[in-house]
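Listed below, chain by chain, are the residues.
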Amino acid sequence: MTQSQLVVDAAGVDLIEGVLAGFVAPRDLTLHGAPAAGAVEVRDEENTPIACLYLASGGVAGVEPRRELATMHGPAGALSARPCAEDLRALIAAGGPVIALEGFPTSKQLDEHSDKDALWCVTVPRSPHRHDHSANVARAVHTLLANGEIAGRLVAIPAFDAAGPLTVTDGSPALPTLLHRLGADRVVLVGDAFTAAVGELAPSAILDEFSRTRSSAAQSGAVVLFTGLSGSGKSTVAKALGAALDEAGRKTVVIDGDEARQMLSAGLGFDRESRNLNVERIGYVAATAASLGAVAIMAPIAPFESSRAAVRARALRAGAFVLVHISTPLAECERRDRKGLYAKARAGEIPDFTGISSPYEPPTDADIVIDTSEISVDDAVAQVWEILSSKVQLGPYRPAIAQS
Ligand SMILES: Nc1ncnc2c1ncn2[C@@H]1O[C@H](COP(=O)(O)OS(=O)(=O)O)[C@@H](OP(=O)(O)O)[C@H]1O
Ligand SMILES: Nc1ncnc2c1ncn2[C@@H]1O[C@H](COP(=O)(O)OP(=O)(O)O)[C@@H](O)[C@H]1O
């Protein structure tokens, strides 16, 4: 039997934990780029073997642990799926009400469900920076329990939201699904109508956490991925957007395709595999910056759907994501030919040149499509700003001084 290896990030480790704990079925896993059958050894980022996955008929048939997995580090404190599942099974079997907190509860809901045997359950994501308020919900309910304002127990359950090579096929399972899998037949959903019920909020712990959520949303980061042919205008618009964001007081970084190739991706070529690696590397840096609250703008050609999807998945774990397709037609890019590369590519001096001798897969999932042969740089920036401001908090667009 062949045995290949796969390295997963911390969220991937959590997912393996989730399978071993019974929250996630092995068949619900998708292992990207894996062989159809055989065994795959899964390692963590420190290269320690953590589990072995057995594959059959293109799916995961079984998971065997290799060692005690690392403790999870959710914002609500150390949290590990297997001990959590053990506790939860026993608590559920004891028969108290099981309450799935899907958002901030109202006073009425708190009163209604307060019970000494109540289990207040909430999923806690690995990254505290993503757009998810559940860590704040957990903190608020924890405070109310600690102050004796409500009765019961708080159970924090990890959110299985890995986005790397190992994922849950249909996306992160919902909290009620996780609770059903551990034996809860009847789950009360609470907090899903939060916005409509703002007026009913009374406990100060809830209000404190709500305002904290609002201010952390203001600082949440984003990745903006510009994709398009060489000479389409990606760098020009990306840099102008960066300048406008700087002036609006936003922490911003612009990672241009050409620049990344000088250092981050030095030595890589332009075959499909190298381009994908290049784009994913830039995406990794951008997502890291976004996780710290910055708006990270990247502007590689990114001609292939697969690496754009990988960047999107990683970015969404850190904050918001915007895909901008700079669709300027090839004829116009070639007319501009700022660097004389199209002429060389036409003359056969540059192999694998995008649009000439290497394909560009136009995105079907772009948030916005901009043809710079039809609109000005300022208008292009204003359009991207509008989309971005629907995802992270920004003021109104004002062209940067350098641009006006
Ligand atoms: N074969 C080939 N195809 C396309 N582009 C080429 C090639 N060789 C060199 N260049 C120059 O490299 C820049 C594109 O690099 P990227 O890192 O953005 O490309 S990719 O995303 O990895 O496909 C691109 O820069 P931009 O013009 O800024 O897009 C070109 O200047
Ligand atoms: N509306 C526009 N938006 C962006 N670039 C434009 C526009 N009109 C003309 N250009 C020119 O097109 C060229 C685009 O180059 P660049 O931004 O480096 O493209 P890319 O990064 O996609 O290779 C620049 O010389 C820029 O001045």
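Note: the structure precedes this text.
Keep in mind it's a predicted model, so treat the numbers as computed, not measured.

Procedures and definitions
- Counting restarts for each chain, with residues numbered from 1 along the sequence as it is written.
- Numbering of ligands from 1 and lettering of chains from A proceed in the order in which they are written.
- Reporting of local features is limited, given that this is a predicted model, to residues whose pLDDT is at least 70; pairs of side-chain atoms are given and counted only at 80 or more, and all residues count toward the totals for whole chains, interfaces and linings.
- Values shown for side chains rest on all heavy atoms present in the structure; no hydrogens or waters enter the calculation.
- In these notes, residues near a molecule or strand are those with any non-hydrogen atom within 4 Å of it.
- Throughout this description, a polar contact denotes any pair of N or O atoms lying within 3.5 Å of each other; where both atoms belong to protein, one of them has to be capable of donating a hydrogen while the other can accept it, and for residues adjacent in sequence the pair is counted only when both atoms sit in side chains.
- Each accessible area is a Shrake-Rupley estimate made with a 1.4 Å probe; only the visible protein chains count as cover when residues are assessed.
- Buriedness for pockets is judged along seven lines, at least five of which must meet protein on both sides within 12 Å for an open set on the 1 Å grid over protein atoms alone, while cavities are sets there where a 1.4 Å probe fits but cannot get out, and lining residues have an atom within 4 Å of a point.
- Assignment to a cavity or pocket requires that more than half of a molecule's atoms be within 2 Å of the site's grid points.
- Each helix corresponds to a stretch of at least 4 residues labelled H or I by DSSP, and each strand to a stretch of at least 2 residues labelled E; elements are numbered beginning at the N terminus.
- By salt bridge we mean one thing: a side-chain nitrogen of Lys or Arg within 4 Å of a carboxyl oxygen of Asp or Glu.
- Relative accessibility decides the category of a residue: with a 1.4 Å probe and only protein chains considered, values under 20% of the type maximum give buried, values over 50% give exposed, and everything between is partly exposed.
- Only strands joined by at least two bridges in the DSSP assignment are considered to pair.
- Stacked, tilted and edge-to-face are the three classes assigned to paired rings of Phe, Tyr and Trp, where Trp is represented by its six-membered ring and a pair needs centres within 6.5 Å; plane angles under 30 degrees give stacked, over 60 edge-to-face, the rest tilted.
- A ring has a charge above it when a Lys NZ or an Arg CZ is no more than 6 Å from the ring centre and no more than 35 degrees off the ring normal.
- Whenever a helix is involved, its axis is fitted only over the stretch in contact; in every case the axis is a line through C-alpha atoms, and angles between N-to-C directions fall within 0 to 180 degrees.
- In what follows, residue pairs with any heavy atoms lying within 4.5 Å of each other are defined as contacts.
- In a left-handed crossing the near helix is turned counterclockwise from the far helix by less than a right angle, and in a right-handed crossing that turn is clockwise.
- Think of it as three bins: nonpolar holds Ala, Val, Leu, Ile, Met, Phe, Trp, Tyr, Cys and Pro, charged holds Asp, Glu, Lys and Arg, and polar takes everything else, Gly as well.

**Q** So what about the site of ligand 2? Which residues, and what values?
**A** As a structural note, the neighbourhood of ligand 2 is formed by 15 residues, with Gly231, Ser235, Thr236, Arg338 and Ile375 the closest of them. One nitrogen or oxygen atom from the main chain of glycine 233 is found 3.0 Å from an oxygen atom belonging to ligand 2. Here a nitrogen atom of ligand 2 sits 3.2 Å away from a polar atom, N or O, in the main chain of threonine 372. Considering ligand 2 on its own, with 560 Å² of exposed area, one finds that the protein chains cover 77% of that surface. Under a 2 Å grid-point criterion requiring more than half of the atoms, the pocket assigned to ligand 2 is the largest pocket. With four residues, helix α7 (residues 234–247) is the largest single contributor of residues to the shell around ligand 2.

**Q** Describe the pattern of salt bridges, naming the residues involved and giving the relevant values.
**A** Side chains that differ in charge, positive against negative, can pair when their charged atoms come close. Under the defined criterion, the tally for this structure stands at 14 salt bridges. The salt bridge partner of glutamate 64 is arginine 66, with a shortest N-O separation of 3.1 Å. Glutamate 64 gets classed as partly exposed once you look at its relative accessible area, which sits at 36%. According to the relative accessible area criterion, arginine 66 is partly exposed, its value standing at 36%. Residue arginine 346 pairs with glutamate 334 through a salt bridge whose shortest N-O separation is 2.7 Å. With arginine 346 in helix α12 (residues 341–346) and glutamate 334 in helix α11 (residues 330–336), this residue pair connects regions lying twelve residues apart in the sequence. Residues joined by salt bridges that share partners form a network here, namely Glu332, Arg335 and Arg336.

**Q** With reference to specific residues and values, describe the pairing of strand β3 (residues 38–43).
**A** Among the six residues in β3, six count as buried, and that is most of the element. Where β3 and strand β4 (residues 49–56) come together, six bridges link them in antiparallel fashion. Each residue of the ladder has a partner; that of glycine 38, found in β4, is leucine 55. Adjacent in sequence and paired antiparallel, β3 and β4 are bridged by five residues, among which asparagine 47 carries a positive phi angle near 70°.

**Q** Got a sec to walk through the packing of aromatic side chains? Specific residues and values, please.
**A** Under the defined criterion, the tally for this structure stands at three aromatic pairs. Judged by centre distance (5.0 Å) and plane angle (75°), the ring pair of tyrosine 342 and phenylalanine 353 falls under edge-to-face. With tyrosine 342 in helix α12 and phenylalanine 353 in the loop between α12 and β17 (368–370), this residue pair connects regions lying eleven residues apart in the sequence. Among the residues examined, phenylalanine 353 registers a relative accessible area of 9% and is labelled buried. Seen from the ring of phenylalanine 270, arginine 261 lies directly overhead, with NZ or CZ sitting 3.8 Å from the centre.

**Q** Could you give an account of the sheet that holds strand β10 (residues 153–158), naming the residues involved and the relevant values?
**A** Strand order in this open sheet of four strands is β10-β9-β8-β12, and the pairing throughout is parallel. For this open sheet the edge positions go to β10 and β12 (187–190), each flanked by a neighbour on one side alone. Put simply, the sheet's adjacent strands are angled 30° from each other on average, direction ignored. Relative to β10, strand β9 (residues 119–124) runs parallel, the two sharing six bridges. When the bridges of β10 are listed, threonine 123 appears paired with isoleucine 157. Taken strand by strand, helix α4 (residues 134–146) contacts β8 (98–101), β9 and β10, and its axis lies near 150° from that of β9.

**Q** So what about the packing of helix α1 (residues 10–21) against helix α2 (residues 81–93)? Which residues, and what values?
**A** Here α1 crosses α2 at 30°, and the two axes come no closer than 8 Å. Remark: the crossing between α1 and α2 carries right-handed chirality. Two secondary-structure elements touch here, α1 through Glu17, Gly18, Leu20 and Ala21 and α2 through Ala81, Arg82, Ala85 and Arg89. By residue class, the composition of the contact of α1 with α2 is four nonpolar, one polar and three charged.

**Q** Tell me what's going on with the site of ligand 1, and back it up with residues and numbers.
**A** Near ligand 1 there are 21 residues, and of these Ser230, Arg261, Arg275, Asn278 and Asp352 occur at the shortest range. In the environment of ligand 1, an oxygen atom lies 3.1 Å from a nitrogen or oxygen atom belonging to the side chain of lysine 234. Here an oxygen atom of ligand 1 sits 2.7 Å away from a polar atom, N or O, in the side chain of asparagine 278. Protein contact buries 92% of the 630 Å² of open area that ligand 1 shows by itself.

Just geometry here; none of it tells us what the structure is for.
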